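The lines below spell out each chain.
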Amino acid sequence: MKTALLIAPRWKNNYRFAADDRIRTEFRRLGHNRGIKGDFLKENSRIVVESAYQLRTLGERRCRLKNI
């Protein structure tokens, strides 16, 4: 589950109310800024949203196959 592996290190429930600067500091510490040009917080957000969408789509497909 490559998708879940992309989401897990980038999402914590306490990020919901954290300031952008705090999340940027945490992501730098975790190395989630490496290889990203520009706003790495925005890119990490895009990665999480896209991965969550893919995970949901995969779950829907598996559910449909079970119901056939």
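That block above? That's the structure.
Below you will find a few notes about this structure.

Rules used throughout
- Residues numbered from 1 in each chain as written.
- Predicted model: local features only at pLDDT ≥ 70, side-chain atom pairs only at ≥ 80, totals over all residues.
- Heavy atoms only, no water.
- Core = buried A, V, L, I, M, F, W, Y, C linked by side-chain atoms within 4.5 Å.
- Buried < 20%, exposed > 50% of the residue type's maximum accessible area, 1.4 Å probe, protein only.
- Helix = DSSP H or I, 4+ residues; strand = E, 2+ residues; numbered from the N terminus.
- Contact = heavy atoms within 4.5 Å.
- Salt bridge = Lys/Arg side-chain N within 4 Å of Asp/Glu carboxyl O.

### Quick notes on the nonpolar core
In this structure, Tyr-15, Ala-18, Ile-23, Phe-27, Phe-40 and Leu-41 together form the largest nonpolar core, which totals six residues. Elements represented by at least two residues in this core include exactly α2 (20-30) and α3 (40-66). Once residues lying within four places of it in the same chain are set aside, the contact partners of Tyr-15 are Arg-10, Arg-22, Ile-23, Glu-26, Phe-27 and Leu-30.

### As for the environment of Arg-24
Structurally, Arg-24 can be placed in helix α2. Taking the C-alpha atoms as reference, Arg-24 lies 7.9 Å from Phe-40; in sequence the two are 16 residues apart.

### Thoughts on the pattern of salt bridges
Inspection of the entire model under this criterion finds six salt bridges. Salt-bridge contacts for Arg-24 lead to Asp-39; the nearest nitrogen and oxygen are separated by 3.4 Å. Here Asp-39 lies in the loop between α2 and α3 and Arg-24 lies in helix α2, a separation of 15 residues in the sequence. Two residues, Glu-60 and Arg-64, come together in a salt bridge whose shortest N-O distance is 3.8 Å. One end of the pair, Glu-60, and the other, Arg-64, are both in helix α3, four residues apart, so they sit about a helical turn from each other. Since its relative accessible area comes to 53%, Arg-64 is described here as exposed. A single salt-bridge network, built from bridges that share partners, covers Asp-21, Arg-24 and Asp-39.

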